[in-house]
Amino acid sequence: MTSASFQPQQRPHHIDVAVNAEADIQAACRAARQLAETLEFSRTAAYHIATAASELAANLLFHGGGGWLHAHALFDPQTQEVLGLEVLALDHGPGIADIALALTEGYSTGKGLGCGLPGVKRLMDEFMIESTVGDGTCVKAIKWR
Amino acid sequence: MKIPILRLERILLVSIQVDLTDNDAMQFQSDLVEQVAEIEALGVAIDITALDVVDSYMARVINDTASMVRLLGAESVICGVQPFVALTLVEMGRDLLGADCAFNLGQGLEILRTRIATRGDTRLSEDENV
Ligand SMILES: Nc1ncnc2c1ncn2[C@@H]1O[C@H](COP(=O)(O)OP(=O)(O)OP(=O)(O)O)[C@@H](O)[C@H]1O
Ligand SMILES: [Mg+2]
């Protein structure tokens, strides 16, 4: 099935991308951007969301041993108006022992610049990490429209 | 995927592509380093027009490439930073792209040429006079 078979108004308001290889990072990034555009976010906001999705997907692969990037629209229950877009990155990797440290600009246990998570925090409006060592990590971020 | 390296006299031009994997990046960097040494390049323009999302991974590849070039004694400039990429980069982290940036290739080449000239390196102008 291709996305061309959808009518524009039937385009999904959520995405799920399995991230297990480098090519999946781009796929997650592209899907997040398309979703943001479908939800009529501004172009700047759509780029911010796409970049955040790319960072989270890279972390899933390089630190979490693979996982899922999920994103969906947040609706006002009364008016059905789109309020925002929530991105979730889930993995069952090693977890993060010190979340504050992981959020420090320039801190990386790999060969990265260590600006992924601090970058996502700045690009998005809400940001939260839940992690259990040995069990996995869930990063949640919201962009309001 | 292989990234072509174009030559313009003593200046090299590379265009970073979206689907660059970690292995591609390493291959491309070693190709570039080899070429810079071989032709004794005076400058390298790193074109990122094709990138509409520059995340921290891409930023690292771009910065590493620029500093490798500088370690070999050549000037480097990043060009083709898309307006929305610039907006996002500023939000993400001001200094994510460490090297000098130019809007387009023409501007980038101009910056390179000026810098090469101020360095007092006459090899480029000699080439042009041939
Ligand atoms: N999903 C995850 N599972 C386990 N550890 C993680 C995860 N995401 C991030 N981390 C830890 O947090 C650190 C900081 O992450 P961040 O994305 O800021 O930097 P980085 O990925 O190391 O480098 P960059 O993103 O700049 O390329 C990582 O080095 C890693 O130790
Ligand atoms: Mg990262």
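Structural data are supplied above this passage.
Residues numbered from 1 in each chain as written. Chains lettered and ligands numbered in written order. Predicted model: local features only at pLDDT ≥ 70, side-chain atom pairs only at ≥ 80, totals over all residues. Heavy atoms only, no water.

A word on unusual backbone geometry. Backbone geometry at Glu40 of chain A places phi at a positive 60 degrees, although glycine is not the residue there. As for its position among the elements, Glu40 of chain A is in the loop between α1 (22-38) and α2 (43-62). Judged by its relative accessible area of 63%, Glu40 of chain A falls in the exposed class. Its identity as a non-glycine residue notwithstanding, Glu9 of chain B has a phi of 55 degrees, on the positive side. (Helix = DSSP H or I, 4+ residues; strand = E, 2+ residues; numbered from the N terminus. Buried < 20%, exposed > 50% of the residue type's maximum accessible area, 1.4 Å probe, protein only.)

Residue and element names in this part refer to chain B. The interhelical angle for the contact between helix α1 (residues 22-39) and helix α2 (residues 56-71), taken along N-to-C directions, is 15 degrees, at an axis separation of 10 Å. Accordingly, the angle class assigned to the pair α1 and α2 is roughly parallel. Between α1 and α2 lies a crossing of right-handed hand. Every residue of α2 that contacts α1 at Asp22, Ala25, Phe28, Gln29, Leu32 and Val33 is listed here: Tyr57, Arg60, Val61, Asp64, Thr65, Met68 and Val69. (Axes fitted to C-alpha atoms, helices over the stretch in contact; angles between N-to-C directions. Parallel < 35°, antiparallel > 145°, perpendicular 65-115°, else oblique. Left-handed = near helix turned anticlockwise from the far one by under 90°. Contact = heavy atoms within 4.5 Å.)

The next subject is the environment of Pro4 of chain B. All names here are of chain B. Tracing the backbone shows Pro4 in the segment before β1 (5-8). Along the sequence, Pro4 and Ala25 sit 21 residues apart, while their C-alpha atoms lie 12 Å from each other. Apart from the residues within four sequence positions on either side, Pro4 is in contact with Leu13 and Val14.

It is worth spelling out the site of ligand 1 at this point. In the vicinity of ligand 1 there are 20 residues, among which His63, Asp91, Ser108, Thr109 and Gly114 of chain A approach most closely. Around ligand 1, the nearby residues trace back to chains A and B. At a separation of 2.8 Å, an oxygen atom of ligand 1 approaches a polar side-chain atom of Asn59 of chain A. One of the backbone N or O atoms of Gly114 of chain A is found 2.8 Å from an oxygen atom in ligand 1. It is helix α4 (residues 116-123) of chain A that provides the largest number of residues to the shell around ligand 1, a total of 3 residues. A class-by-class count of the residues in the shell around ligand 1 yields 7 nonpolar, 11 polar and 2 charged. (Near = heavy atom within 4 Å. Polar contact = N/O pair within 3.5 Å; in protein donor to acceptor, adjacent residues only side chain to side chain. Nonpolar A, V, L, I, M, F, W, Y, C, P; charged D, E, K, R; others polar.)

Quick look at the side chain of Arg60 of chain B now. When you line up the elements, Arg60 of chain B lands in helix α2. The buried category is assigned to Arg60 of chain B, whose relative accessible area is 13%. Non-local contacts of Arg60 of chain B, meaning those with residues more than four positions away in its chain, are made with Lys111, Gly112 and Leu113 of chain A together with Asp22 of chain B.

Below, the discussion takes up the pattern of salt bridges. Once the charged atoms of two side chains with opposite charge are near each other, the side chains can pair. All names here are of chain B. One pass over the structure, following the stated rule, counts 10 salt bridges over all chains. Between Arg115 and Glu75 there is a salt bridge whose closest N-O contact spans 2.8 Å. Here Arg115 is found in helix α4 (residues 105-118), whereas its partner Glu75 is found in strand β4 (residues 75-79), with 40 residues between them in sequence. What makes Glu75 buried here is its relative accessible area of 12%. By sharing partners, the salt bridges in this structure join Glu75, Asp100, Arg115 and Arg119 into a single network. (Salt bridge = Lys/Arg side-chain N within 4 Å of Asp/Glu carboxyl O.)

Residue and element names in this part refer to chain A. Following the sequence through the fold, Gln34 ends up in helix α1. Classification of Gln34 as partly exposed rests on a relative accessible area of 43%. For the pair Gln34 and Ala46, spaced 12 residues apart in sequence, the C-alpha separation works out to 8.1 Å.

Time to look at the interface of chain B and chain A. With 19 residues of chain B at the contact, the number on the chain A side is 20 residues. Note that Arg33 of chain A is salt-bridged to Asp52 of chain B, the shortest N-O span being 3.1 Å. Only α2 and α3 (83-92) of chain B provide two or more residues apiece to the side of chain B that touches chain A. Partitioned by chemical class, the residues of the side of chain B that touches chain A number 9 nonpolar, 4 polar and 6 charged.

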